[in-house]
Amino acid sequence: MTYAVIENCINCKYTDCVEVCPVDCFYEGENFLVIHPDECIDCGVCEPECPADAIRPDTEPDMEKWVELNRKYSEMWPVIVSKKDPLPTAEEFDGKEGKLPLLSEAPGEGG
């Protein structure tokens with residue numbers, strides 16, 4: 001089992017999850033975070049920390065596409081280990097559906 005970040009993180013990018021990760025397996029894009037599935041140790045401490053409820057275990061239905069998306073971008077983006085302010089659009093976009101087309105492939109700053 002592994003955890004993956006799902007659509008609700010897009011344009012929110014809360015980073016509460018990265019501070020509690022014991023293995024630093026979060027990676028930062030411009031408007032989204034991902035978890036490297038091969039680095040995740042399945043501890044689950046990140047899931048309850050996400051204010052946007054955007055982290056799920058891969059054992060839930062239809063998670064294959066999210067695990068692969070997390071894998072793809074974790075190999076392209078910088079690691080993030082410190083909490084940052086959420087995006088200015090976080091409150092507006094939290095809970096909205098259909099955000100996948102808004103996902104930017106641009107890397108974040110990391111850190």
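Located above this text is the structure these notes cover.
Residues numbered from 1 in each chain as written. Predicted model: local features only at pLDDT ≥ 70, side-chain atom pairs only at ≥ 80, totals over all residues. Heavy atoms only, no water.

**Q** Quick rundown of the overall build of the protein chain? Include the residues and the values.
**A** In terms of helices and strands, the protein chain carries 3 helices and 4 strands. Reading the protein chain from its N terminus to its C terminus gives the helix and strand order β-α-β-β-β-α-α. Dimensions of the protein chain, computed from the C-alpha atoms along their principal axes, are close to 30 × 30 × 25 Å. Out of the 111 residues belonging to the protein chain, those deemed buried represent 50%. Summed over all atoms, the accessible surface of the protein chain reaches about 5600 Å², with 48% contributed by carbon and sulfur. (Helix = DSSP H or I, 4+ residues; strand = E, 2+ residues; numbered from the N terminus. Buried < 20%, exposed > 50% of the residue type's maximum accessible area, 1.4 Å probe, protein only. Areas by Shrake-Rupley, 256 points an atom, 1.4 Å probe, with all protein chains shown as cover.)

**Q** Please give an account of the packing of aromatic side chains that cites residues and values.
**A** The full count for this structure, using the stated rule, is 1 aromatic pair. Summarising the aromatic geometry, the rings of Y73 and W77 are spaced 4.6 Å apart at their centres and angled 20° between planes, so their arrangement reads as stacked. One exposure class covers both Y73 and W77, and it is buried. Lying across the ring of F93, K96 places its NZ or CZ 5.2 Å from the centre. (Phe/Tyr/Trp six-rings, centres within 6.5 Å; stacked < 30°, edge-to-face > 60°. Lys NZ or Arg CZ within 6 Å of the ring centre and 35° of its normal.)

**Q** I'd like to hear about unusual backbone geometry, residue by residue, with values.
**A** Residues other than glycine seldom take positive phi values, yet K13 does so here, at roughly 50°. Position of K13 relative to the elements: it lies in the loop between strand 1 (3–5) and helix 1 (16–20). Looking at K13, the relative accessible area reads 7%, which means it is buried.

**Q** How would you summarise helix 2 (residues 64–74) if you had to cite specific residues and measurements?
**A** Residue pairs three or four apart in sequence face the same way in an α-helix, which turns once every 3.6 residues. Along helix 2, the residues classified as buried are W66, V67, L69, N70, Y73 and S74. The buried residues of helix 2 occupy one face: seen down the axis, they fall within an arc of 165°. Away from the buried face of helix 2 by more than 90 degrees, exposed residues E64 and K65 are located. As for helix 2, its buried residues are in contact with strand 1, strand 2 (26–28) and strand 3 (33–35). (Arc of directions from axis to C-beta. Contact = heavy atoms within 4.5 Å.)

**Q** Break down the pattern of salt bridges for me, citing the residues and quoting the values.
**A** Applying the stated rule across the entire model yields 8 salt bridges. For K83, the salt bridge goes to D16, with nearest N and O atoms at 3.2 Å. Highlighted residues: K83 in the loop between helix 2 and helix 3 (90–93) and D16 in helix 1, separated in sequence by 67 residues. K83 sits in the partly exposed class, given a relative accessible area of 44%. With a closest N to O distance of 3.0 Å, D53 and R56 form a salt bridge. Salt bridges here are not isolated pairs; linked through shared partners, they connect K13, E28 and K84. (Salt bridge = Lys/Arg side-chain N within 4 Å of Asp/Glu carboxyl O.)

**Q** Could you give an account of the nonpolar core, naming the residues involved and the relevant values?
**A** Core analysis: the largest hydrophobic core is formed by 34 residues, its most contacted members being F26, F32, I35 and I55. Mapped by element, the contributors of at least two residues to this core are strand 1, helix 1, strand 2, strand 3, helix 2 and helix 3. For this core, the element with the highest residue contribution is helix 2, accounting for 4 residues. Residues in contact with I55, not counting those within four places in the same chain, are Y3, A4, V5, C17, F26, I35, C46, E47 and C50. (Core = buried A, V, L, I, M, F, W, Y, C linked by side-chain atoms within 4.5 Å.)

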